[in-house]
Each structure stands twice: as C-alpha cells, then as structure tokens.
Amino acid sequence: MTDFTPKPEHKFTFGLWTVGSIGRDPFGDPVRDKKSPAELVNLLGEVGAYGVNFHDNDLIPIDATPAEAEAIKKDFRKALDDTGLKVPMATTNLFGDPVFKDGAFTSNDPKVRAYARQKTLKAIDLGVEFGAKTYVFWGGREGTETDSSKNAVDAIKWNREAMNFFCEYALDKKYDLRFALEAKPNEPRGDIYNSTTGHMLGFIATLDHPEMVGVNPEVAHEHMAGLDFMHGVAQAWEAGKLFHIDLNDQYPGRYDQDLRFASRDIKAAFYLVKFLEDVGYDNPRHFDAHAYRTEDYEGVKDFARGCMRSYLMLKEKAAQFNADKEIQAILAENIADDPAMQKFLGKYSPEKADALKAQAFDRKAIANRGLKYERLDQLTIDLLLGNR
Ligand code: GLT
Ligand code: MN
Ligand code: MN
C-alpha cells in the first residue's frame, strides 16, 4: 500500500474561503462558526496542506480599519510561520459586495469599473506582500440576467482594458506575478461572459501582454457546462497557459456544488490526474471546494484530507495504468505509426497534396477494424475498482 500522505512537492493548496466556508446557502443560515484566517491556516497545517490562498476580503474585511487590518495580517503571518504554509495565489472579491451587483470590470457604471480597479490594485499589493506568484481573476458577476441590459462587445472591451491595466501595473511595480483567468458559465449571474476555459484562451490572445496571462480552469465550472474538463485543461497546457487549477467535483446540470475532489466523477478525475502527472504539471493544485453543510470542523478536516488523498490515490492508479501491459498493448496497436502514410502527413507541400489526391484508400477495410476501446475502458474500470 502506497503512502498517501500529502507532501510539499504535491503543492496542495486550499483557499481561506474553502475550509472557511460556514455552510451558508440560498436556503439556509450558516452551520459552522466563522474561524479567523490564522485559525484556518492552523487547520490546513494540521491536515498537511502546502499552501493557502485568499481573496482580499477573506483576509481583511471590506470595512476593516487600518489598525484592524494590521492586527489580522500579524496573526496570519504568525500562523504561516508556525505551520510553514505558503501563499501561492491571491485574488480579489469582486462579487460579494452589493456595489458589484451588475459586475465589476464590465459594469455599465464607470464608477463601479473604477472602484473595481482600485480594489484590485490594493488586493494585488496584499497578495504580493504574502508572496503570491499567481493572481486569479474570477469574474463571477461579470454577466447578465437580461441581455437587454448590456452591450456584450463593450463588456469584452472593458474587461480587456482592465486586464491590460493590471499587467502594466505588475510590470511597473516589478512584481513577480502572473495572472490566471477563471471561467464559469453561470452562477451567481444568469450568464457569465467568457464562460469556458476555451473562451478565456481566445480572450487572452487579444491582450497587450498575453505572456503574463493564463487560465485557472475549475472542474466544476466546465462540468456545469457539460464539457470534458480534461480536454480544456489539455488545450490550456498545450498553449502554455495552465498557470493554476481549481480541483473539485460537480454533477452536470446543477448549481455550483464545489464537491470534494473526485467524489462524484471518479473516471473524469482519474483522466485529469493522469494528464497532470503525465505532462509534469508543477503549479499549485488548488482544491476549490467545501465540505458538506452537514459537517462540523472535524468534517471539514475529513473533507480536506479526502481531496488530497483521492488525488494521490488517482496518481498511483495513473502510474499503474501506464505500467499495465495489456492496456499499453491496446494503445500501442492503435497509435502505431504507418510508415507508408508518412509521405501524406505533416506539413503541406504541393507535391504532397498531389500525391494525396492520387492515392487510393480502402475506406471500408480501414473502417472495419475494431479498436478495442470497450476492452480498454473496462480494463480502466477494473483498475480503478481495484481488480488489476
Ligand atoms: C468563488 C468561486 C470560485 C473562485 C474563487 C476565486 S471565489 O468561490 O466559486 O470558483 O475560484 O475568486
Ligand atoms: Mn474556482
Ligand atoms: Mn466553483
């Protein structure tokens, strides 16, 4: 039996808002007492996490006085020193306060757009003060309930201007910081702009400093849209844009559940972990999830330990998959090169196009070959269920 103890090299992180969730939902009041940021750091230290992330207002309430802010930062810093936890990522809360009810960078009101920029500048400074190297932008309120209210093209432009502004700010301040954009299709807005990781990748290419900006895909958000999460992650990785990742779980077609990682779709979680491990992803593995509302703080620790343990168990399964002779034989057979086809593939040339047009393909014979994917999938299931 392998050791599934989380270690610093796994870079497992949690947001203050995740283990700090007090279980409020649209239908019910909190079920857990609020813990201070320092207490949450200690809790994360106890379960073996590597780091902790925060929104500006997870750490410092929006109306805190400068003296209160200093006292909170001092306690937080002490807890970080005591536990050895790092702060790899920070972000801005641009969704909780009523001022953002119609968006932040994409609000129709220029005062709101300016205030959102001011809040973000200060939050970037705060994140950098604690050592954050990645800064996430999740535009939860950047959207609409009614499309009669906003010009969708203006929204894209305002969003772009804001991102360009923050890139220049980070360069100006010589911050060692990269930005990671997080998509979500809906909730809390009826519909959110740049609703998937693919939309975000398209948007990033239009920025003044695309090299500073990547994505922070979240399992639940792509599953809400009914998408294959790993495919989006692979696209981001291949583009050099997988700066950060939010791991959790979600049943498609439901509200944003933020379930414990790998607690719902084990197969999808397996392919995701296998992908991250196979390519050597080395940025933080952030569990953006929270414990069931039924839990007390012991349950919150069970939740956090469970996220990390499941990741490590799936990592072991991925290694087993890669070493499985029968599985690898099926893959090898399907992926095998055909030297006779080399002259038709790869880059374009006029000769290649002519040769291709002249070639006779036995379409029926090619199509008649069974691919053994049923067998392959069942072997994967056997492996995941512990029967290999
Ligand atoms: C919020 C959201 C998450 C984002 C966080 C960062 S806040 O909890 O549901 O998906 O990652 O702003
Ligand atoms: Mn998230
Ligand atoms: Mn979520």
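My aim in this report is to walk through the structure given alongside it, one point at a time. A quick note: this is a predicted structure, and the numbers were derived from the prediction, not measured. Along each chain, residue indices are assigned from 1 in the same order as the chain's sequence is written. Note on labels: chains are lettered from A, ligands numbered from 1, in written order. Confidence filtering applies because this is a predicted model: local features only for residues at pLDDT of at least 70, side-chain atom pairs given and counted only at 80 or more, and all residues used for totals across whole chains, interfaces and linings. Side-chain descriptors were evaluated using all non-hydrogen atoms of the structure, hydrogens and water having been removed beforehand.

1. A closer look at the pairing of strand E4 (residues 134–138)
And step 1. Buried residues dominate E4, accounting for 5 of its 5 residues.
And step 2. Burial along E4 is two-sided: Thr134, Val136 and Trp138 facing one way and Tyr135 and Phe137 facing the other are all buried.
And step 3. Two strands are said to pair when DSSP picks up at least two bridges between them. Helix numbering and strand numbering both begin at the N terminus, where a helix is a DSSP run of H or I of at least 4 residues and a strand a DSSP run of E of at least 2. Looking at chain direction, strand E3 (residues 89–91) and E4 are connected through 3 bridges and run parallel. Pairing of threonine 91 across the sheet is with valine 136, part of E4. Classification of residues uses two cut-offs on accessible area relative to the type maximum, computed with a 1.4 Å probe and protein chains only: under 20% is buried, over 50% is exposed, and between them is partly exposed.

2. A short note on the site of ligand 1
And step 1. Looking at ligand 1, the residues that line it are Trp17, His55, Thr91, Phe95, Trp138, Glu182, Glu218, His221, Asp246, Asp256 and Asp288.
And step 2. A distance of 2.7 Å is found between an oxygen atom of ligand 1 and a side-chain nitrogen or oxygen belonging to histidine 55.
And step 3. Each residue receives one of three labels: charged for Asp, Glu, Lys and Arg, nonpolar for Ala, Val, Leu, Ile, Met, Phe, Trp, Tyr, Cys and Pro, and polar for the others, Gly being one of them. Residues of the shell around ligand 1, tallied by class, amount to 3 nonpolar, 3 polar and 5 charged. If a single non-hydrogen atom of a residue is within 4 Å of a molecule or strand, that residue counts as near it. Counting of polar contacts relies on pairs of N or O atoms within 3.5 Å, with two restrictions inside protein: one atom must be capable of donating a hydrogen and the other of accepting it, and residues adjacent in sequence are counted only when both atoms are side-chain atoms.

3. Focus: the pattern of salt bridges
And step 1. Here, a salt bridge means any Lys or Arg side-chain nitrogen found within 4 Å of an Asp or Glu carboxyl oxygen. What the rule picks out here adds up to 23 salt bridges.
And step 2. When the shortest N-O distance is used, the salt bridge between lysine 73 and glutamate 129 registers 3.1 Å. Here glutamate 129 lies in helix H5 (residues 110–129) and lysine 73 lies in helix H4 (residues 66–83), a separation of 56 residues in the sequence.
And step 3. Judged by relative accessible area, lysine 73 falls into the buried class, the value being 13%.
And step 4. When the shortest N-O distance is used, the salt bridge between glutamate 326 and arginine 375 registers 2.8 Å.

4. Thoughts on the sheet that holds E3
Strand pairing in a sheet is mediated by backbone hydrogen bonds. Such pairs are either parallel or antiparallel.
And step 1. Strand order in the open sheet formed by 8 strands is E8-E6-E4-E3-E2-E1-E10-E9, and the pairing between neighbours is parallel. The strands lining the two open edges of the sheet, one partner per strand, are strand E8 (213–215) and strand E9 (245–247). Between one strand axis and the next, the sheet turns through 30° on average, direction left out of account.
And step 2. In this sheet, strand E10 (residues 285–287) lies alongside E9 in parallel orientation, the contact comprising 3 bridges. Paired with aspartate 246 across the two strands is histidine 286, which belongs to E10.
And step 3. This element, helix H6 (residues 152–172), spans E4, strand E6 (178–182) and E8 of the sheet and lies at about 155° to E6. Note on definitions: angles span 0 to 180 degrees between N-to-C directions of axes, and those axes are lines fitted to C-alpha atoms, for helices only across the stretch in contact. Contact criterion: two residues are considered in contact whenever any of their non-hydrogen atoms come within 4.5 Å of each other.

5. Observations concerning the coordination of the manganese ion (ligand 2)
And step 1. Sodium, potassium and calcium take a 3.2 Å donor cutoff, other metals 2.8 Å, and in both cases only N, O and S atoms count; water is not among them, so sites may look incomplete. The coordination sphere of the manganese ion (ligand 2) contains the protein donors Glu182 (OE), Glu218 (OE), Asp246 (OD) and Asp288 (OD), at a distance range of 2.0 to 2.1 Å.
And step 2. Geometry assignment treats four donors as tetrahedral when all angles are between 85 and 135 degrees, treats four as square planar and six as octahedral when opposite donors are over 155 degrees apart and all others between 65 and 115, and treats everything else as irregular. Classification of the site at the manganese ion (ligand 2) rests on its 6 donor atoms, whose angles at the metal span 75 to 166°, yielding the label octahedral.
And step 3. If you list the donors of the manganese ion (ligand 2) from N- to C-terminus, the spacing comes out as E-x35-E-x27-D-x41-D.
And step 4. Between the manganese ion (ligand 2) and the manganese ion (ligand 3), both coordinated by glutamate 218, there is a metal-metal distance of 4.6 Å. Here glutamate 218, found in the loop between E8 and helix H8 (219–224), pairs with aspartate 246, found in strand E9; they are 28 residues apart in sequence, far enough to count as distant.
And step 5. When its relative accessible area of 1% is taken as the criterion, aspartate 246 is described as buried.

6. Focus on the coordination of the manganese ion (ligand 3)
And step 1. Bound to the manganese ion (ligand 3) on the protein side are Glu218 (OE), His221 (NE2) and Asp258 (OD), at distances that span 2.1 to 2.5 Å.
And step 2. Each donor residue of the manganese ion (ligand 3) lies on one chain, and together they are spaced E-x2-H-x36-D.

7. Remarks on the environment of histidine 10
And step 1. Residue position: histidine 10 is located in the segment before strand E1 (12–15).
And step 2. Sequence separation between histidine 10 and asparagine 53 is 43 residues, and the spatial gap between their C-alpha atoms is 16 Å.
And step 3. The contacts of histidine 10, once residues within four sequence positions are left out, are Thr5, Arg285, Leu312 and Lys315.
And step 4. A polar side-chain atom of histidine 10 sits 2.9 Å from the main-chain amide nitrogen of lysine 7.

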